[in-house]
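These are the residues of each chain, in order.
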Amino acid sequence: MYRRILQQAGFIQFGQLQFLEAKEHFRKGHLDVRELISLCPLLLPATSTFTRCHPPLHEFADLNHLTQGDQEKILKCKRFLISYLNEIRSTEVANGYRDDVDTALLKLYAEANHESLLDLLVSENSCLLLDSAPWLAVLYLD
């Protein structure tokens, strides 16, 4: 019960764009990081078996709903997500769903044309090729 309260507090902080506080609540509450990834449509691989908690930890359908379509706020949320996923990808937090984490991170990097994309690609990673290739193709074929 305590973990769930921390997770919910994290989403409240996240919704207020208070990312440092949100991260701390997510960490202390042992949040399944896929709950956070699922706020960005299409980031989870098509093969992911993840379903959101029931009852829900938050009231947000996705980032667009959370930010009321404010593109600047969406960008801030995605920057936080990139930072958070990069930070946890080699830790116990990603244990068991490294494919989901690395694939989501690759998609975020590709979408933002992020400088760390190549580092991720040349390092040992668990990105799912079939799910990742279209995101890379869009980036490099434009």
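As a reminder, the structure under discussion sits directly above these lines.
Criteria and cut-off values
Counting of residues starts from 1 at the beginning of each chain's written sequence and follows it residue by residue. Where local features are concerned, this predicted model is filtered to residues with pLDDT of at least 70; where side-chain atom pairs are given and counted, the filter is 80 or more; whole-chain, interface and lining totals use all residues. Only hydrogens and water are removed before side-chain values are computed, so all heavy atoms of the structure are retained for them. Both site types are read off a 1 Å grid over the protein atoms alone. A 1.4 Å probe that fits but cannot get out defines a cavity, while an open set with protein on both sides within 12 Å along at least five of seven lines defines a pocket; lining residues have an atom within 4 Å of a point. Grid points are joined across faces, edges and corners, and a volume is the space filled by probe spheres set on the points. Counting from the N terminus, the helices are DSSP H or I runs at least four residues long and the strands are E runs at least two residues long. Amino acid classes used here: Ala, Val, Leu, Ile, Met, Phe, Trp, Tyr, Cys and Pro are nonpolar; Asp, Glu, Lys and Arg are charged; the rest, including Gly, are polar. Buried residues are those whose accessible area, probed at 1.4 Å on protein chains only, stays under 20% of the maximum for their type, while exposed residues exceed 50% and partly exposed ones sit between those limits. Regarding the arc, it is the one traced by the directions from the helix axis to the C-beta atoms. Note on definitions: a residue-residue contact is assigned when non-hydrogen atoms from the two residues lie within 4.5 Å. A carboxyl oxygen of Asp or Glu within 4 Å of a side-chain nitrogen of Lys or Arg is what we treat as a salt bridge.

Caption draft 1: Representation of the layout of surface pockets in the model. Roughly 200 Å³ of internal volume is contained in the largest pocket. As for the largest pocket, its lining consists of Gln 71, Ile 74, Leu 75, Lys 78, Arg 79, Ile 82, Ser 83, Leu 108, Glu 111, Ala 112 and His 114. Among the elements that line the lining of the largest pocket, the one with the most residues is helix H5 (residues 71–88), at 7 residues. Its residues assigned to classes, the lining of the largest pocket comprises 5 nonpolar, 3 polar and 3 charged.

Caption draft 2: Here's a closer look at helix H2 (residues 19–28). All of the buried residues along H2 are Phe 19, Ala 22 and Phe 26. Along the axis of H2, the buried residues cluster in a sector spanning 60°; they form a single face. Of the surrounding secondary structure, the elements contacted by the buried residues of H2 are helix H1 (2–15), helix H3 (33–37) and H5. Immediately downstream of H2, the backbone of His 30 shows phi near 55°, a positive value.

Caption draft 3: Layout of the pattern of salt bridges. Enumeration over the complete set of coordinates arrives at 10 salt bridges. In this structure, Asp 102 and Arg 98 form a salt bridge, with 3.0 Å as the shortest nitrogen-oxygen distance. Placement of the pair is Asp 102 and Arg 98 together in helix H6 (residues 98–112), with a separation of 4 residues, close to one helical turn. Given the relative accessible area of 0%, Asp 102 is considered buried. One salt-bridge network, in which partners are shared between bridges, spans Glu 24, Arg 27 and Lys 28.

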